[in-house]
Amino acid sequence: MAKDSAYKIPRHVAIIMDGNGRWAKKRLLPRKAGHVQGSRVAEQICEDAFDLGIEYLTIYAFSTENWARPQDEVDALMDLLRKYMKDSIERSSKNNMRVTVIGDISRLAEDLQESIRTLERVSANNTGLKFQVAINYGGRDEILRAVRKLSTRVAAGELSPEDITEEVFYSYFDTAGMPYPDLMIRTSGELRTSNFLPWQLAYSEFYFTDVLWPDFNKKELQKAIDFYNGRDRRFGGV
Ligand code: IPE
Ligand code: IPE
Ligand code: MG
């Protein structure tokens, strides 16, 4: 597609990074090898997204449902996240990205929670890519947590039910203050959202590709943005 002046770069892109296991299986490697390669791709795609002019990038790294996987795979994923968070503490000062983790981190190991808090703190004032990593994230869980916080305030008489507008409700979400994603990408050919950002994706454009996450790259991201440019976003209007 010609990149003329009307070419639009989505402000917020959300990605379901799927297909690590199948990528490894095709190579007769353990699933963990797919996750290792997948995390390298996640690192690179931050640079690529920023190069292309994307402001917010949110990736799905571990869902509230992923605890159901065999313990050794869960352990391998947690070790990778541990390494990712530690490395990002240094990386974020070089590439200027602001990193936040969305999801309920209270269920994660204490040392991992500590790395996450450090990373969020040291990168908080960075002005580059706003990068959100979803860990122990589930959209239904996020909504329930928001409802609990909100109802506590209502019960305390600090807020009346009539005051609960979309804006007020959204301010209790993990992504509070961020624009809703314009474009959602899912790799590996699955046509579902698997509990990723159900509230926030209500009006997003969806791009599905058969490419497995460990094979995803800047060219594939560019294809998704080209697809986005072919869409007519009506938001209920005409
Ligand atoms: C995505 O790859 C990574 C996570 C869900 C953590 P998968 O591990 O789901 O890979 P497939 O879907 O089995 O190929
Ligand atoms: C979604 O992928 C979760 C992440 C990418 C972290 P899954 O592989 O867990 O989703 P399902 O099981 O195919 O729906
Ligand atoms: Mg999968």
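In what follows, the structure referred to is the one given above.
Please read these numbers as outputs of a predicted model, since none were measured by experiment.

Participant: I'm lost on the overall build of the chain in this one. Help?
Facilitator: When its secondary structure is counted, the chain shows 7 helices and 6 strands. Element order for the chain, N to C, with α for helix and β for strand: β-α-α-β-α-β-α-β-α-α-β-β-α. Here the chain has a C-alpha radius of gyration of 18 Å; the compact-globule value for 238 residues is 18 Å, and the two agree. The principal-axis extents of the C-alpha atoms in the chain amount to approximately 60 × 50 × 35 Å. Of all 238 residues assigned to the chain, the portion counted as buried reaches 49%. Residue pairs at least 24 apart in sequence account for 75% of intrachain contacts in the chain once pairs closer than 6 positions are excluded. Total accessible area computed for the chain in this model is approximately 12,000 Å², and 52% of it derives from carbon and sulfur atoms.

Participant: Can you walk me through the site of ligand 2 in this structure?
Facilitator: Taken together, Ile16, Met17, Asp18, Tyr60, Ala61, Phe62, Asn66, Arg69, Arg186, Arg192 and Ser194 make up the full set of residues near ligand 2. Between ligand 2 and Ser194, the relevant distance is 2.6 Å, taken from an oxygen atom to a side-chain nitrogen or oxygen of the residue. Alone, ligand 2 offers 390 Å² of accessible surface; in the complex the protein occludes 78% of this. A molecule is said to occupy a pocket when more than half its atoms come within 2 Å of that pocket's grid points, and by this definition ligand 2 occupies the largest pocket. It is strand β2 (residues 56–63) that contributes the most residues to the shell around ligand 2, 3 residues altogether.

Participant: What's the story with the layout of surface pockets in this structure? I'm lost.
Facilitator: Over the atoms a probe the size of a water molecule is rolled, and this reveals where empty space is left. Roughly 610 Å³ of internal volume is contained in the largest pocket. Around the largest pocket sit 29 residues that line it, and Met17, Asn20, Tyr60, Ala61 and Asn66 are the ones nearest its centre. Class assignment of the residues belonging to the lining of the largest pocket gives a composition of 13 nonpolar, 9 polar and 7 charged.

Participant: Looking at this structure, how should I read the site of ligand 1?
Facilitator: In the neighbourhood of ligand 1, 13 residues make up the surrounding shell, with Asp18, Gly21, Arg22, Arg31 and Arg69 lying closest. Here an oxygen atom of ligand 1 and a side-chain polar atom of Arg31 are 2.9 Å apart. Arg69 is positioned with one of its side-chain polar atoms (N or O) 2.7 Å from an oxygen atom of ligand 1. Out of a free accessible area of 380 Å², ligand 1 has 86% covered by protein chains. Looking at the shell around ligand 1, the elements that each hand over two or more residues are α1 (20–26), α2 (31–52) and α3 (71–95). Per element, the largest residue contribution to the shell around ligand 1 is 3 residues, and it comes from α1. Per-class residue counts for the shell around ligand 1 are 3 nonpolar, 5 polar and 5 charged.

Participant: Help me out: how do you make sense of helix α5 (residues 139–155) in this one?
Facilitator: Three- or four-residue spacings in an α-helix give side chains the same orientation, since the helix completes a turn every 3.6 residues. Helix length check: α5, at 17 residues, gives a terminal C-alpha distance of 24 Å against a target of 24 Å (1.5 Å per residue), a fit within 8%. Of all the residues in α5, the buried ones are Gly139, Glu142, Arg145, Ala146 and Leu150. Viewed end-on, α5 has its buried residues packed into an arc of 130 degrees, placing them on one side of the element. Exposed residues lying more than 90 degrees from the buried face of α5 are Arg140, Thr152 and Ala155. Residues of α5 that are buried in the fold lie against β4 (130–137) and α6 (166–170). The first or second residue beyond α5 is Gly157, which carries a positive phi of 80 degrees.

Here is what the cut-offs are and how they apply
Note that residues are indexed from 1 along each chain, following the sequence as it is written. A letter from A marks each chain and a number from 1 marks each ligand, given out in the order of writing. Totals for whole chains, interfaces and linings use all residues, but because this is a predicted model, local features are given only for residues with pLDDT of at least 70 and pairs of side-chain atoms are given and counted only at 80 or more. For the side-chain quantities, the full set of heavy atoms in the structure was used; hydrogens and water were omitted. Elements are defined by DSSP. Helices are runs of H or I of four residues or more, strands are runs of E of two residues or more, and each kind is numbered from the N terminus. For the radius of gyration, the atom set is restricted to C-alpha positions; the globular benchmark scales as 2.2 Å times the number of residues to the power 0.38. Residue exposure (1.4 Å probe, protein chains only): buried if accessible area is under 20% of the type maximum, exposed if over 50%, otherwise partly exposed. Should any heavy atoms of two residues lie within 4.5 Å, those residues are considered in contact. Each accessible area value is a Shrake-Rupley result obtained with a 1.4 Å probe; residue values ignore everything except the protein chains displayed when judging cover. Think of it this way: one heavy atom of a residue within 4 Å of a molecule or strand is enough to make that residue near it. What qualifies as a polar contact is a pair of N or O atoms within 3.5 Å, subject to a donor-acceptor requirement within protein and to the restriction that residues adjacent in sequence count only when both atoms come from side chains. Here a cavity denotes a set of grid points, spaced 1 Å apart and computed over the protein atoms alone, in which a 1.4 Å probe fits but from which it cannot get out, and a pocket denotes an open set meeting protein on both sides within 12 Å along at least five of seven lines; residues with an atom within 4 Å of a point are reported as lining. Whether a molecule sits in a cavity or pocket is decided by its atoms, more than half of which must lie within 2 Å of the grid points. Grid points are joined across faces, edges and corners, and a volume is the space filled by probe spheres set on the points. Residues are sorted three ways: Asp, Glu, Lys and Arg are charged, Ala, Val, Leu, Ile, Met, Phe, Trp, Tyr, Cys and Pro are nonpolar, and all the rest, Gly among them, are polar. The span expected for a helix works out to 1.5 Å for each residue beyond the first. Directions drawn from the helix axis to the C-beta atoms are what define this arc.

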